[in-house]
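Spelled out from the first residue to the last, the chains are:
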Amino acid sequence: MNNVTRGYVSTPGGQVHYRSAGPANAPVITFFHQTASSSRMFELMMSELSPSFRCLAFDTPGFGQSWQPAEVPSVAWLGNRLVEAIDALGIDCFVVCGHHTGGCIGLEIALAIPQRVLGLSIIGPVTPSFEEREKFSRVFLQPFVPESSGEYLQTAWEYLRSIGAGDTVDLHTAELIDHLIAWRSTPLAFGAVWRQDASAALAKVSIPLQLMCSRDDVLWPMYARACKLRPDAATAIVAGGDFQPDRDPINVARALTEFVNTLPERFRTIG
Amino acid sequence: MIQKGYANIAAGQIHYRRQHGPGLPVICLHQTASSGAMWVKVMGKMAGERALIAFDTPGFGGSFDPPQLPPSIGTYAEWLLEAIDALGIGQFQILCHHTGACIAVEMTSRQPERVTSVAMIGPVPLTEGERNEYKKHYSTPFSPTASGDYLSTTWDYLRGLGAHGDLALHHRELLDTARAFMGRYMAYTNVWRQDFTTPFMAIRVPLLLMCAADDVLWPFFGRSKELRPDADSAVLKGANFEPDLDPEGVATAYRSFLRKHGL
């Protein structure tokens, strides 16, 4: 049992599902998840942060319980859909925390509406070279497709183990469910991610930044590159493979709080 | 168009799908271990005709998980009545399936003045001996294991119930069952200790009994009709997944039942 509640917000494309925690008048931190998880991955962190912040974690369209788009033209398109949800909730200024694909989305939101995004924290920044984008587009595209034998279930289970979800059976099961829900959207989102020039976006973004990663994250090699691209960014090394918010929530929440506390007074006092 | 949402009750959040329409709302209650998603096709068939609301029972779908084994099936009925209150609904009708029928008779027994009709797919008037027998087969949870072999066990179990008639259904049911491995155990534990027949006999509003010949509960369909010769009845297709595999049959039977009784 925790203090996280769930809801839907209506947007032009359909209903966006979200989780929320914290006082309604507290500064807002928005959370965007990796492919193919859902806002569930931030629940433990949100519990940690909710005494001080209003935490809003969204299921990206195509994932969790949000509406299912037929196409995902680009990561920026996903960002626009999520800003529609943020607008519909009446949120003005906010901090973004994005994990993996969620970080890619956060970059696009920061580029689109820099005046409203007061800080961006990326857990597992994605900064692939052109060659890496080619390579990843083959490895991370469509890990499984339902078929009548049911063998795809074990494929999905082993895929999740390979990216570190096997730490506990509970996490493995929760991620399996999210991945099964999103089997159609996963290749759409991954396709958009590998088409995005995230390195260029990271270099360009003009708001305060935090870069966070764990040494056993599949994106760890890109973390050093991200830090080099943005030497001005705050940094933090946490634990937890590709699932830091689930496996190391206290340290991730602590690092995020430290970053947020360096932001202008404007953020910490909005209500 | 179906809208999703949550009804907030003291115990937690109850997730639902809702299709607006005329008339007294129809409350749809699902079987174990499905979710309100099992009513989406029937909702589509009845679009514009009726207001329908399909709840996810606590422990299933997007609803809260009971922190411990609920004391009886009546507890589920009380939670769902509270959810109906939270949505500002007064009187309503019930369309239910398997475990949903077990919950429906408890809702009707608690607040008979609010329920204007009951339609059930797969009524469950089992004797105590039969319930003890069923308990052996349907009360062991498919608990997740590190190897992941519970997934093929669950997949094959759902094939045995007829979900393989449609791959999208089989996939969705696998997902719902995996999510609700503990909810399934809790609900079935209470189903097999419920005396369904007494509240079933006490229903005083129009009653529709439906079942498919390849439903596991088919043997009890004849008995339920004998117990309630006053009830309307209809035979459907679709094994244990009639609303998904025979949505037209469900909608046609239900529509004609409502019309006959001026509901």
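Quick caveat, the model's predicted, so the values are computed rather than measured.

Visitor: Would you mind showing me how to read the overall build of chain B here?
Guide: When helices and strands are tallied, chain B shows 11 helices and 8 strands. Taking 2.2 N^0.38 as the reference for a compact globule, 263 residues should give roughly 18 Å; the C-alpha atoms of chain B span a radius of gyration of 17 Å, in line with that estimate. Along the first, second and third principal axes, the C-alpha atoms of chain B reach 55 × 40 × 35 Å. Counting the 263 residues in chain B, one finds 54% classified as buried. The contacts of chain B with a sequence gap of at least 6 include a subset with a gap of at least 24, amounting to 72%.

Visitor: Looking at this model, I keep getting lost on the interface of chain B and chain A. Mind explaining?
Guide: Reports of interface size often rely on the accessible area that becomes lost once the parts have come together. Each partner contributes residues to the interface: chain B has 21 residues there, and chain A has 21 residues. Mapped onto the side of chain B that touches chain A, the elements with two or more residues apiece are strand E1 (2-9), helix H5 (149-160) and helix H6 (167-179) of chain B. Classifying every residue of the side of chain B that touches chain A by side-chain character gives 10 nonpolar, 9 polar and 2 charged.

Visitor: Just to check I follow, could you spell out unusual backbone geometry for this structure?
Guide: Residues other than glycine predominantly adopt negative phi, and peptide bonds predominantly adopt the trans conformation. Between Thr 35 of chain A and Ala 36 of chain A the backbone carries a cis peptide bond, its omega angle lying at -5°. Structurally, Ala 36 of chain A is set in the loop between strand E3 (28-32) and helix H1 (43-49). Following Thr 32 of chain B, the chain continues into Ala 33 of chain B via a peptide bond in cis, with omega recorded as 0°. The topology assignment puts Ala 33 of chain B in the loop between strand E3 (26-29) and helix H1 (40-45). The backbone phi angle of His 100 of chain A is positive, close to 55°, even though this residue is not glycine. Along the chain, His 100 of chain A falls in the loop between strand E5 (94-99) and helix H3 (101-112). For His 100 of chain A, a count of 26 C-beta atoms within 10 Å translates into the label buried. Non-glycine residue Ala 239 of chain B carries a positive phi angle of around 50°. Checked against the element boundaries, Ala 239 of chain B lands in the loop between strand E8 (232-236) and helix H10 (242-245). Its 21 C-beta neighbours within 10 Å are what place Ala 239 of chain B among the buried residues.

Visitor: Looking at this structure, I do not really get the sheet that holds E3 of chain B. What am I missing?
Guide: Within a sheet, each strand pairs with its neighbour through backbone hydrogen bonds, oriented either parallel or antiparallel. Residue and element names in this part refer to chain B. Strand order in this open sheet of 8 strands is E1-E2-E4-E3-E5-E6-E7-E8, and the pairing throughout is mixed. With one partner strand each, in any of the chains shown, E1 and E8 form the two edges of the open sheet. Here the strands of the sheet are splayed against their neighbours by 20° on average, with no regard to which way each runs. Note that strand E5 (residues 92-97) and strand E6 (residues 115-121) share 5 bridges and pair parallel. Counterpart to Leu 95 in the pairing with E6 is Ala 119. Its contacts with the sheet place helix H2 (residues 73-86) against E1, strand E2 (12-19), E3, strand E4 (52-55) and E5, and it is angled at close to 110° to E1.

Visitor: Looking at this structure, how should I read the packing of helix H5 (residues 151-162) of chain A against helix H6 (residues 169-181) of chain A?
Guide: Helix packing for two helices is described by the angle between their axes and how far apart those axes are. Residue and element names in this part refer to chain A. Interaxial distance between H5 and H6 falls to 10 Å at its minimum, and their mutual angle equals 120°. Considered as vectors, H5 and H6 are oriented oblique to each other. Handedness of the crossing formed by H5 with H6: right-handed. Two secondary-structure elements touch here, H5 through Ala 156, Trp 157 and Leu 160 and H6 through His 172, Glu 175, Leu 176, His 179 and Leu 180. Of the residues that constitute the contact of H5 with H6, the class distribution is 5 nonpolar, 2 polar and 1 charged.

Visitor: Please explain the nonpolar core as it appears in this structure.
Guide: Buried together is how nonpolar side chains tend to be arranged in soluble globular proteins. Core analysis: the largest hydrophobic core is formed by 94 residues, its most contacted members being Leu 80, Ile 94, Ile 103 and Ala 104 of chain B. Ranked by residues supplied to this core, first place goes to H2 of chain B with 8 residues. Not counting residues within four places of it along the chain, the set of residues in contact with Ile 94 of chain B comprises Ile 27, Leu 29, Ala 104, Met 107, Val 115, Val 118 and Ala 119 of chain B. Core analysis: the second largest hydrophobic core is formed by 68 residues, Val 4, Cys 55, Ala 85 and Val 260 of chain A among them.

Visitor: Any chance you could explain the pairing of E3 of chain B here in plain terms?
Guide: For a regular strand, the rule is simple: side chains alternate between the two faces of the sheet. All names here are of chain B. The two faces of E3 match: Val 26 and Cys 28 on one face and Ile 27 and Leu 29 on the other face are all buried. In the sheet, E3 pairs with E4 via 3 bridges, with the strands oriented parallel. Counterpart to Cys 28 in the pairing with E4 is Ala 54. Between E3 and its parallel partner E4, the chain crosses via H1, and the hand of that crossover is right-handed.

Parameters at a glance
Residues numbered from 1 in each chain as written. Chains lettered and ligands numbered in written order. Predicted model: local features only at pLDDT ≥ 70, side-chain atom pairs only at ≥ 80, totals over all residues. Helix = DSSP H or I, 4+ residues; strand = E, 2+ residues; numbered from the N terminus. Rg over C-alpha atoms; globule rule 2.2 N^0.38 Å. Buried ≥ 20, exposed ≤ 12 C-beta atoms within 10 Å, placed from the backbone. Contact = placed C-beta atoms within 7 Å. Nonpolar A, V, L, I, M, F, W, Y, C, P; charged D, E, K, R; others polar. Pairing = 2+ DSSP bridges. Axes fitted to C-alpha atoms, helices over the stretch in contact; angles between N-to-C directions. Parallel < 35°, antiparallel > 145°, perpendicular 65-115°, else oblique. Left-handed = near helix turned anticlockwise from the far one by under 90°. Core = buried A, V, L, I, M, F, W, Y, C linked by C-beta atoms within 7 Å. Right-handed = clockwise from strand over helix to strand, strands pointing away.

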